[in-house]
Amino acid sequence: MTNSPFPLEPTAAEAQAAIAEEFSFFGDWSERYQYLIDLGRKLPTFPEGWKTEEHRLLGCQSMVWIVPEGDADKLVFHAISDSAIVSGLIYLALRVYSGRSAAEILATDPDYVSAIGLAKHLSPTRSNGLAAMLAFIRDTAQARQ
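From a predicted model like this one, the values you see are computed outputs, not experimental measurements.

Calculation rules
- Residues numbered from 1 in each chain as written.
- Predicted model: local features only at pLDDT ≥ 70, side-chain atom pairs only at ≥ 80, totals over all residues.
- Heavy atoms only, no water.
- Helix = DSSP H or I, 4+ residues; strand = E, 2+ residues; numbered from the N terminus.
- Expected span 1.5 Å × (residues − 1).
- Contact = heavy atoms within 4.5 Å.
- Salt bridge = Lys/Arg side-chain N within 4 Å of Asp/Glu carboxyl O.
- Buried < 20%, exposed > 50% of the residue type's maximum accessible area, 1.4 Å probe, protein only.

Novice: Would you take a moment to explain helix α1 (residues 12-24) for this structure?
Specialist: Think of an α-helix as turning once every 3.6 residues; residues three or four places apart then point the same way. Compared with the 18 Å implied by 1.5 Å per residue over 13 residues, the 18 Å span of α1 between its first and last C-alpha is a close match. Looking at the buried positions of α1, the neighbouring elements they touch are α2 (29-40), α3 (84-97), α4 (102-107) and α5 (112-115).

Novice: Even after reading the chapter, I still don't get the pattern of salt bridges, so can you show me in this structure?
Specialist: A side chain of one charge can pair with a side chain of the opposite charge when the charged atoms of the two come close. The tally for this structure, following the rule as stated, stands at five salt bridges. We note a salt bridge from R95 to E9, for which the minimum N-O separation is 2.6 Å. Residue R95 is found in helix α3, and its partner E9 is found in the segment before α1; the two are separated by 86 residues along the sequence. Here the two residues R95 and E9 agree in accessibility, since each one is buried. A salt bridge links E22 to R95; the nearest nitrogen and oxygen atoms lie 2.8 Å apart. Of this pair, E22 sits in helix α1 while R95 sits in helix α3, placing them 73 residues apart in sequence. Since its relative accessible area comes to 21%, E22 is described here as partly exposed. R95 sits in the buried class, given a relative accessible area of 4%. Salt bridges sharing partners connect three or more residues here, namely E9, E22 and R95.

Following this line, the structure appears as structure tokens:
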């Protein structure tokens, strides 16, 4: 298992509230996109050996790899993308869901997506990729519960 900085907040709900608060500081979407790119740069190192078809997330236009570890008590997700903005989206999802129990993951809808306006400002392909990643996290939690 590799080191993960997540979770940053004690609960998924608190992580979502923190994300909404942080994004509220930015006046326009060019600033929000830049912040997403900056967040993506904070993702922990992802081992090259994990960049395999087995770990590739389908449904994303960009290349995305995601590796789950753990059990029902604590699931940790490691992920990376070849796209700077998608890496930022990964960071937000991991901030909310990684390091949590399967029960907490399943009980937490991704409200941050609409709270910060992502749903309106992502291209259809990025929206599909984000939905695929969130579904993967949820499906993994369901399977390990």
